[in-house]
Amino acid sequence: MQVTSNQFKQAASRKLADPKVQKALRNAKGKLVVARSRSMLELDNFEEIREAAARIRDFGLQHMDVLLEEWEKKATAAGTIVHWAETAQQVNDLVIGIARKHEVRKIIKSKSMLGEETNLNHALEAAGLDVRETDLGEYIIQQFGETPSHIIAPAVHKSKDDIADLFAQKHGRPRLNDIAALTHEARDVLRPHFLDADMGISGANFLVAETGSTMIVTNEGNGRMTTTMPRVHVAITGIEKIVPTLEDVSLLLRVLTRSATGQSISNYLSFTTGPKRPGDKDGPGEFHVIIVDAGRTKLLASEIREALRCIRCGACMNHCPVYQNIGGHAYGWVYPGPIGSILTPAYVGVEKAIDLPNASTLCNQCGVVCPVKIPLPDLMRKLREQQVQKNLRPWSERLGLRLWAWAAERPVVYGVLTRIAARMGKWIGGRDRLLHRLPAAGAEWTSGRDFPAPRGRTFRELYARTRNRRTR
Amino acid sequence: MSARDNILKRIREANGRESGTSATQRDAILARLDAHTRGPLPTMDWEPLPRFKERCSALMSTIDEVGSLAQVPRALASYLKQKNLPTGGACWPEFAELDWAGAGLAIQARPSHGDDKLGITGAFCALAENGTLMLLSGENTHATTSLLPENHVAIVAASRIVRTMEDGWDLLRSERDGLPRQVNFVSGPSRTADIEMTLVLGAHGPFRVHVIVLSE
């Protein structure tokens, strides 16, 4: 997917001013936050489970090589064909190669965020293949020609009316006005494709080292269709999805589905181990799994490697006051919200996503709800440090900070300068005690709101006066 | 070097083990896989059968209880009649001998195809914690029967209701040699909330899941 993260500020301003986006975000926020907190009440030892979940993920990261090798051994023994891809380009080439070998024409796809990373649909279409997203949200987004705005609710920014217009136009059927009817229309339209597609592409929520399985979590049933109906199934998945045992997955699922949608469990949890067995009447004849790096080993070697614990629940974005106001598209790549502010710079380059680690108040809502205890604000702070170390901050900010540092090291100068500023501020603030326009970096603040004017005395002056009064 | 070797090498470097993992370390890691240690569980102060029934209803599955397998066709016929649902479809071969015709149902023992309105399956076991069915794909336990029809009926013996997913795995390990092609945990009718976060049942899978518990 094209990276537009460095247009974050402009995009965020547009989203803030878009009443449709604002309405959709308000609706989603209430539902997801409330649903999660209600379902968490079912786990009387949530903190204990969460701690264990983080440890499982860390074990997977720490021993990833051994676990992946073990996974590969078991998967191969079950008949799975395992491929490895270092880059996004290699992923797309491998998938196209498999499709060509099997003379595939039509592909059905169940959700994969990794597929968004590699721009897989675009590559498949360019190779002349017919590829259809089947998750309802992804299907809607594909028909609009857009990208997802949320990792578990891709079309959350679209209204019922938008979708009704879209379906009427794309399906050539009478326009429907009811959400259930629209959902069932999509079911009717997609069903024949499930039955006659040649190839299915899915992601994986976890890889189970113990059994060589891939597993996916879905609600709609499209994941089961994609992994069962076509004659070839290809799963693409990042190396970090590795988990030791079925018991570990069982524990992670207790926090994953609750964190994601507030469900105690999602409708379909499918563990796939190899292709169709002798005698089986259904299932694909060939099952391929592509294990993908695409920036993950680099992240593993970095000081922000805890981000690889992520199990893609979306709770961090649902609870983020910044995401709640601007939605996912402004973040400019695949992953929005706090986790996106970390993964985007990690995967596409710190310099291509300058604003993202700063698009946070560090309020730690994300850190508190993360089911695998990723210290998201700490990681964002480390990325901010990297920006400074790599001299990636704007020249005006660097100059400003250097001037400030120069003055701060000279208490007398600092005292004089702040005294002048406090008095001027009071004078300019006038009767309403507000500054309507600030110079330099302050201009960005006052373009949207006023700044409270200083009251004429600096902190040091007031402090000295108070101390004098006390000692007297 | 292959992509595989490059990736594994970079993983080892990132974890400070450029020289690779020693045999002892490797054995310790693999021992963790064989131990099947369970993590902490929430408090579960309930009995499996009532909990299972309660959670099925919460997931918007419907539930019925009959004394024996022979009573299933009549119980199912009355459910279908009450809901005004089609009476023909496919079942897993293990139920081929039931007197479906005697109850006025047209059920064939075969894998389901896209046009069936009714699919009847058993279950490897059921999980009480969340009202979940554990289904294994196989020669005689077709995966499509619980997926393609609009109405999925699952027949589960009360004795096969275990507490948690962890219990389900243990049962599978004790009775089977390895995993089948696919293990599917089914928790209620297919659903989506992708349009305006509004819940709709019957996305791509069944609109309804009806569970018949055999109390024996």
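Residue positions are given per chain, counting from 1 as you read along its sequence in written order. Chain labels run from A onward and ligand labels from 1 onward, assigned in the order the entries are written. Per-residue local features of the predicted model are confined to residues with pLDDT of at least 70, and side-chain atom pairs are confined, for both listing and counting, to 80 or more; whole-chain, interface and lining totals are unaffected and use all residues.

K.L.:
Quick question: what am I supposed to make of the packing of helix α3 (residues 46-62) of chain A against helix α12 (residues 246-261) of chain A here?
P.N.:
Between two packed helices, both the angle of their axes relative to each other and the distance between the axes serve to describe the pair. Residues and elements named next belong to chain A. In this description, a line fitted to the C-alpha atoms serves as the axis of each element, helices being fitted only across the stretch in contact, and the angle between N-to-C directions of two axes falls anywhere from 0 to 180 degrees. Strands are runs of DSSP state E lasting at least two residues, helices are runs of H or I lasting at least four, and both sets are numbered from the N terminus onward. Their axes nearest at 10 Å, the elements α3 and α12 cross at an angle of 130°. Taken together, the axis directions place α3 and α12 in an arrangement best described as oblique. Regarding α3 and α12, the two cross each other, and that crossing is left-handed. Residues Ile49, Arg50, Ala52, Ala53 and Ile56 of α3 form the contact with α12, whose participating residues are Asp248, Leu251, Leu252, Arg254 and Val255. Ten residues, namely Ala, Val, Leu, Ile, Met, Phe, Trp, Tyr, Cys and Pro, are considered nonpolar, four, namely Asp, Glu, Lys and Arg, are considered charged, and the remaining ones, Gly among them, are considered polar. Here the contact of α3 with α12 is built from residues that sort into seven nonpolar, no polar and three charged. Orientation categories follow fixed angle ranges, with anything under 35 degrees roughly parallel, anything over 145 roughly antiparallel, 65 to 115 roughly perpendicular, and all other angles oblique. For any helix crossing, the convention is left-handed if the near helix is rotated counterclockwise from the far helix by under a right angle, and right-handed if that rotation is clockwise. We call two residues in contact whenever the C-beta atoms placed from their backbones are within 7 Å.

K.L.:
Just to check I follow, could you spell out the sheet that holds strand β2 (residues 106-109) of chain A for this structure?
P.N.:
Sheet strands pair via backbone hydrogen bonds, and the direction of the pair is either parallel or antiparallel. Residue and element names in this part refer to chain A. When DSSP finds two or more bridges between two strands, those strands count as paired. Spatially, β1-β10-β7-β4-β2-β3 is the arrangement adopted by the six strands of the open sheet, whose pairing is parallel. A strand with exactly one partner marks an edge of an open sheet, and here the two such strands are β1 (81-85) and β3 (130-133). Between one strand axis and the next, the sheet turns through 20° on average, direction left out of account. Relative to strand β7 (residues 232-238), strand β4 (residues 199-202) runs parallel, the two being bridged by four bridges. Paired with Met199 across the bridge in β7 is Val232.

K.L.:
Is there a simple way to explain the sheet that holds strand β3 (residues 106-109) of chain B in this structure?
P.N.:
Residues and elements named next belong to chain B. Spatially, six strands are ordered β1-β12-β7-β4-β2-β3 in an open sheet, and the strand pairing comes out parallel. The two strands at the open ends of the sheet, each matched to only one other strand, are β1 (62-66) and β3. Going across the sheet, the axis of each strand differs from the next one's by a mean of 20°, ignoring polarity. Two elements, strand β2 (residues 88-91) and strand β4 (residues 118-121), share two bridges in a ladder whose sense is parallel.

K.L.:
I keep staring at the interface of chain B and chain A and nothing clicks. Help me out?
P.N.:
Bring the parts together and some accessible area is lost; that lost area is often taken as the interface size. Between chain B and chain A, the residue contacts involve 61 residues of the former and 79 residues of the latter. Within the residue set of the side of chain B that touches chain A, elements represented by two or more residues are α1 (3-14), α2 (23-35), α5 (165-175), β9 (182-186) and β10 (191-192) of chain B. With 10 residues, the single largest contributor to the side of chain B that touches chain A is α1 of chain B. The residue inventory of the side of chain B that touches chain A, partitioned by class, reads 24 nonpolar, 24 polar and 13 charged.

K.L.:
Is there a simple way to think about helix α19 (residues 395-408) of chain A in this case?
P.N.:
For an α-helix, 3.6 residues make a turn, and residues three or four places apart therefore share a direction. Relative to the 20 Å expected for 14 residues at 1.5 Å per residue, α19 of chain A spans 20 Å between its end C-alpha atoms, a close match to the ideal helical length. Of all 14 residues making up α19 of chain A, only zero are buried, and the element is barely covered by its neighbours. Expected span of a helix: the number of residues minus one, times 1.5 Å. Using C-beta atoms placed from the backbone, we call a residue buried if 20 or more other C-beta atoms fall within 10 Å of its own, exposed if 12 or fewer do, and partly exposed for counts in between.

K.L.:
What is the right way to look at the domain arrangement of chain B in this model?
P.N.:
Residue ranges assigned to the domains are those given by an automatic or database domain assignment. For chain B, the domain assignment lists domain 1 (3-35) and domain 2 (48-214). Computed from C-alpha atoms alone, the centre-to-centre distance between domain 1 of chain B and domain 2 of chain B is 42 Å.

K.L.:
Would you mind going over the domain arrangement of chain A with me for this structure?
P.N.:
For chain A, the assigned domains read domain 1 (18-297) and domain 2 (396-471). Summarising the inter-unit geometry, the C-alpha centres of domain 1 of chain A and domain 2 of chain A are found 53 Å apart.

K.L.:
In this structure, what is going on with unusual backbone geometry? I would like to understand it.
P.N.:
Excluding glycine, residues mostly carry a negative phi; peptide bonds, for their part, are mostly trans. Unusually for a residue other than glycine, Asn364 of chain A sits at a positive phi of about 75°. Tracing the backbone through its elements, the reader meets Asn364 of chain A in the loop between α16 (337-348) and α17 (365-369). What makes Asn364 of chain A partly exposed here is the crowd of 16 C-beta atoms within 10 Å. A positive phi angle, close to 60°, is found at Asn84 of chain B, a residue other than glycine. In this structure, Asn84 of chain B sits in the loop between α4 (72-83) and β2.

K.L.:
Sorry if this is basic, but what is going on with the packing of helix α2 (residues 19-40) of chain A against α12 of chain A here?
P.N.:
Residue and element names in this part refer to chain A. The N-to-C vectors of α2 and α12 enclose an angle of 150°; their axes lie 6 Å apart at closest approach. Between α2 and α12, the interaxial angle falls into the category roughly antiparallel. Judged by residue contacts, Ala35, Arg36, Ser39 and Met40 of α2 engage Arg258, Ser259 and Thr261 from α12. Along the lines of polarity and charge, the residues of the contact of α2 with α12 split into two nonpolar, three polar and two charged.

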